[in-house]
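Results of the structural survey
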Amino acid sequence: MADIVAVVSVHPDEVKGGAPIFIAPDARKLEEIAFLLEKILDASAHDLKNGTIILVDHH
């Protein structure tokens, strides 16, 4: 089973949960933060197309 290891969003009021949440000021920074976390965490980034990207560990 996969685990959500981080969430990156431009909507701080719309994300909650047990994974670490990173707030980005705009769409460009959203992608930049998600890309870096994807590499650091060895996870897969999945864009929800609503200003939020989740990072998932599929191992």
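It should be emphasised that the depicted structure is a prediction, and the values quoted were computed from it without experimental measurement.

1. Thoughts on the side chain of threonine 52
Tracing the backbone shows threonine 52 in strand E4 (residues 52–57). Assessed through its relative accessible area of 6%, threonine 52 is described here as buried. In terms of polar contacts, threonine 52 uses its side chain to reach the side chain of serine 9, at 2.9 Å. With residues up to four places along the chain from it excluded, the contact list for threonine 52 reads Val7, Val8, Ser9, Val15, His46 and Asp47.

2. Focus on the nonpolar core
Listed in full, the 10 residues of the largest apolar core are Ala6, Val8, Ala24, Leu30, Ile33, Ala34, Leu37, Ala43, Ile53 and Leu55. Elements supplying a minimum of two residues to this core: strand E1 (3–9), helix H1 (27–41) and E4. Counting residues per element, this core draws most heavily on H1, which supplies 4 residues. If we ignore the near neighbours within four places in the chain, the residues touching leucine 37 are Val8, Phe22, Asp42 and Leu55. Counting residues in each nonpolar core, the second largest holds 5 residues, with Val7, Ala19, Ile54 and Val56 among its members.

3. Points about a nonpolar patch on the surface
Together, Phe35, Leu36, Ile40 and Leu41 line one region of the surface with nonpolar side chains, adding up to about 410 Å² of accessible area. Here isoleucine 40 shows up in helix H1. Owing to a relative accessible area of 64%, isoleucine 40 belongs among the exposed residues under this scheme.

4. Here we look at the environment of valine 5
Residue position: valine 5 is located in strand E1. By relative accessible area, valine 5 is classed as partly exposed at 26%. Sequence-distant contacts of valine 5, defined by excluding residues within four places in its chain, comprise Ala19, Pro20, Leu41, Ala43, Leu55, Val56 and Asp57.

5. A closer look at the pattern of salt bridges
Counting across every chain of the model gives 3 salt bridges. Residue arginine 28 is joined to glutamate 32 by a salt bridge in which the shortest nitrogen-to-oxygen separation is 3.0 Å. With a gap of 4 residues between them, arginine 28 and glutamate 32 both fall in helix H1, about one helical turn apart. Exposure remark for arginine 28: the relative accessible area of 58% places this residue in the exposed category. Two residues, glutamate 32 and lysine 29, come together in a salt bridge whose shortest N-O distance is 3.2 Å. Placement of both glutamate 32 and lysine 29 in helix H1 is noted, with a separation of 3 residues, approximately one turn of the helix. It is possible to trace a salt-bridge network through shared partners that takes in Arg28, Lys29 and Glu32.

About the thresholds
- Residues numbered from 1 in each chain as written.
- Predicted model: local features only at pLDDT ≥ 70, side-chain atom pairs only at ≥ 80, totals over all residues.
- Heavy atoms only, no water.
- Helix = DSSP H or I, 4+ residues; strand = E, 2+ residues; numbered from the N terminus.
- Buried < 20%, exposed > 50% of the residue type's maximum accessible area, 1.4 Å probe, protein only.
- Polar contact = N/O pair within 3.5 Å; in protein donor to acceptor, adjacent residues only side chain to side chain.
- Contact = heavy atoms within 4.5 Å.
- Core = buried A, V, L, I, M, F, W, Y, C linked by side-chain atoms within 4.5 Å.
- Patch = residues over 30% accessible without salt bridge, like charges linked within 9 Å, V, L, I, M, F, W, Y side chains within 5 Å.
- Areas by Shrake-Rupley, 256 points an atom, 1.4 Å probe, with all protein chains shown as cover.
- Salt bridge = Lys/Arg side-chain N within 4 Å of Asp/Glu carboxyl O.

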